[in-house]
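Chain residues, written in single-letter form:
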Amino acid sequence: MTIQPAEVLNLPKPAWADEEVGMIYDMAQRFLEAEIASRYEEFEKNEIFDRESWLKAGANGLLCASMPEEYGGAGGTFAHESAILEAISHVGVDGFGIGLHNSIVAPYILYYGSEEQKKKWLPKMASGEMIGAIAMTEPGAGSDLQGVKTRAEKDGNHYRINGSKTFITNGQMADLIVVVTKTDPEKGAKGTSLIVVETEGLEGFQRGRNLDKIGLKSNDTSELFFNDVRVPTANLLGDEEGQGFVQLMQQLPQERLQIGATAVAMSERALALTIDYVKERKAFGKSVMDFQNTQFKLAELKTEVTVGRVFYNDCVARHIRGELDPATASMAKYWLSDLQGKVVDQCLQLFGGYGYMNEYPIARMFRDARVQRIYGGTNEIMKLLIARTL
């Protein structure tokens, strides 16, 4: 069952959701229903998508929608990316990793890459020929990016990269990986640099296992190993070394807002599915919806999801104007993902025993939602960042 927000929440559309954004939402929804939803069980079982799906997504304009047209994109804004992200969750194919590709990886190249880098990589990302990933997390460094140990040492006109990364979304399929490295470990955060690694035929680069996760099974998530990997110095993002930490801090608000998009859209879908179910399900001679407890619980959840949607819409408007500060983005990430967990959990309860059955979408949503409070910086880290503004 695919849902529209208007079916759940009686809210006016925000100014940023104009006709063009509505068109890309509708286009994304149609594509995902026709090409992805019908095969989603297969992808979940295989624990990975196929390249054909990425190429089709590119051909249908769902990759790099916010990238300029001169680099193969659609020339949109984060509003267009939000429409695609929301369609993914409303259709219920949350494991399709194009959100990270579109609004996390591609912006690093757009904002910090040279003209040559942008022309080389962005059109192929827009077409789906190259799948993007970003390698931040290490076995010993998660939310604390200053703890990164992966080293990039200059060797003539190349870098030699040594280290390992883990929990890398799109890691099994990625052709292009933005790798967070230390080019000068003595300088701490100021010694951090972002280097783009093209994986095809790359000596010393190795993908580890496709990690066995609780949820988001169809989204490949990997360990990556770099053993004297030689990458041209021309693949450095930025005009000099040591800019990586600042670049990360500038882009993390959009990553966190993306998590908020998924959170609020899944919450809306969970609520819609549950309302539909309790109206049909009978208990003690009447529908489950007729019980006051059900009505009160769903009234509470609808209120909270409405509040979440309004907050999210405001954050998107601020972000498009260039006014979304890191603390507010952290609020959106932590609060909306917490809300998502609560909504999905309480909706599952209203399904009774059927909610615990994998054949019901609410069960998958319960599993898929949990990681939202962890990646992009744990919600505890979000609270620390917010607290610094007090």
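Rules used in this analysis
- Residues numbered from 1 in each chain as written.
- Predicted model: local features only at pLDDT ≥ 70, side-chain atom pairs only at ≥ 80, totals over all residues.
- Heavy atoms only, no water.
- Helix = DSSP H or I, 4+ residues; strand = E, 2+ residues; numbered from the N terminus.
- Buried < 20%, exposed > 50% of the residue type's maximum accessible area, 1.4 Å probe, protein only.
- Contact = heavy atoms within 4.5 Å.
- Areas by Shrake-Rupley, 256 points an atom, 1.4 Å probe, with all protein chains shown as cover.
- Salt bridge = Lys/Arg side-chain N within 4 Å of Asp/Glu carboxyl O.
- Patch = residues over 30% accessible without salt bridge, like charges linked within 9 Å, V, L, I, M, F, W, Y side chains within 5 Å.
- Core = buried A, V, L, I, M, F, W, Y, C linked by side-chain atoms within 4.5 Å.
- Lys, Arg positive; Asp, Glu negative; His and termini not counted.
- Expected span 1.5 Å × (residues − 1).
- Bend = angle between axes of the 7 residues up to and from the residue.
- Axes fitted to C-alpha atoms, helices over the stretch in contact; angles between N-to-C directions.
- Parallel < 35°, antiparallel > 145°, perpendicular 65-115°, else oblique.
- Left-handed = near helix turned anticlockwise from the far one by under 90°.
- Nonpolar A, V, L, I, M, F, W, Y, C, P; charged D, E, K, R; others polar.
- Pairing = 2+ DSSP bridges.

(A) A look at the overall build of the protein chain. In terms of helices and strands, the protein chain carries 12 helices and nine strands. Taking the principal axes of the C-alpha coordinates as reference, the protein chain spans close to 80 × 50 × 40 Å. Counting the 390 residues in the protein chain, one finds 54% classified as buried. Sequence separation of 24 or more characterises 74% of the internal contacts of the protein chain that already satisfy a separation of 6 or more. Carbon together with sulfur atoms contributes 50% to the accessible area of the protein chain, which is approximately 17200 Å² in total.

(B) Region of the structure containing the pattern of salt bridges. Under the definition given, this model contains 25 salt bridges. A salt bridge links Lys56 to Glu52, with the nearest nitrogen and oxygen atoms 3.2 Å apart. A residue pair is termed a helical-turn pair when its members lie 3 or 4 positions apart in one helix, as Lys56 and Glu52 do in helix H4 (residues 51-59) at four residues. Judged by relative accessible area, which is 30%, Lys56 ranks as partly exposed. Here Glu153 ties to Arg151 by a salt bridge, and the two come within 3.7 Å at their closest N and O atoms. When its relative accessible area of 30% is taken as the criterion, Glu153 is described as partly exposed. Accessibility expressed as a relative area gives 28% for Arg151, which makes it partly exposed. Salt bridges here are not isolated pairs; linked through shared partners, they connect Glu35, Arg39, Glu42, Asp50, Glu52 and Lys56.

(C) Representation of a nonpolar patch on the surface within the structure. There is a patch of nonpolar side chains on the surface, built from Tyr354, Tyr356 and Met357 and spanning about 360 Å² of accessible area. You can see Tyr356 is positioned in the loop between helix H10 (326-350) and helix H11 (361-369).

(D) Structural view of the nonpolar core. Counting 41 residues, the largest nonpolar core has Leu32, Ile36, Trp54, Ile84, Phe96, Ile98 and Tyr312 as the members making the most contacts within it. At the level of elements, helix H2 (19-36), helix H3 (40-46), H4, helix H5 (78-91), helix H8 (244-280), helix H9 (292-320) and H10 are the ones that each hand at least two residues to this core. The leading source of residues in this core is H5, at eight residues. Setting aside anything within four residues of it in sequence, one finds Ile98 in contact with Trp54, Leu62, Leu63, Ile84 and Ile88. Counting 30 residues, the second-largest nonpolar core is a separate cluster that includes Ile109, Ala126, Val148 and Val178.

(E) Examining the side chain of Asn219 more closely. Secondary-structure assignment places Asn219 in the loop between strand E6 (205-210) and strand E7 (221-232). Exposure remark for Asn219: the relative accessible area of 9% places this residue in the buried category. Setting aside residues up to four positions removed in sequence, Asn219 forms contacts with Glu47, Gly95, Gly97, Thr169, Asn170 and Lys213.

(F) How the structure looks around the side chain of Asp368. Among the secondary structure elements, Asp368 is positioned in helix H11. The charged side chain of Asp368 is buried without a salt bridge, its nearest counter-charge being Arg364 at 5.0 Å. Setting aside anything within four residues of it in sequence, one finds Asp368 in contact with Asp94, Gly215, Leu216 and Met266.

(G) Helix H7 (residues 115-127), seen in detail. The end-to-end C-alpha distance of H7, which contains 13 residues, comes to 19 Å, matching closely the 18 Å that a straight helix rising 1.5 Å per residue would cover. Helix geometry: H7 is bent most strongly at Trp121, by close to 25°, with proline Pro123 lying one to four residues after it. Looking at H7, one finds that the buried residues are Gln117, Lys118, Trp121, Leu122, Met125 and Ala126. Next to the buried residues of H7 lie H4, helix H6 (98-112), strand E1 (132-135), strand E4 (176-182) and strand E5 (192-198).

(H) Region of the structure containing the packing of H6 against H8. For the pair H6 and H8, the least separation of the axes is 10 Å and the interaxial angle reads 155°. Relative to H8, the element H6 lies roughly antiparallel. Crossing hand, H6 versus H8: right-handed. Judged by residue contacts, Gly99, Leu100, Ser103, Ile104, Pro107, Tyr108, Tyr111 and Tyr112 of H6 engage Gln247, Leu248, Gln250, Gln251, Gln254, Glu255 and Gln258 from H8. Classifying every residue of the contact of H6 with H8 gives seven nonpolar, seven polar and one charged.

(I) Just the pairing of E4, in detail. For E4, the buried fraction is high: seven of the seven residues fall into the buried class. A two-sided burial pattern is seen for E4, the buried positions comprising Leu176, Val178, Val180 and Lys182 on one face and Ile177, Val179 and Thr181 on the other. Pairing of E1 with E4 involves four bridges; the strand directions are parallel. Bridge pairing in E4 places Ala133 opposite Ile177. Examined bridge by bridge, E4 and E5 share seven bridges and lie antiparallel to one another. Across the sheet, residue Ile177 finds its bridge partner in E5, namely Val197.

(J) Summary view of the packing of H8 against H11. The N-to-C vectors of H8 and H11 enclose an angle of 155°; their axes lie 11 Å apart at closest approach. On the basis of the axis angle, H8 is roughly antiparallel to H11. As H8 runs across H11, the sense of the crossing is left-handed. Between H8 and H11, the residues in contact are Met266, Arg269, Ala270 and Leu273 and Pro361, Ile362, Met365, Asp368 and Ala369, respectively. Classifying every residue of the contact of H8 with H11 by side-chain character gives seven nonpolar, no polar and two charged.

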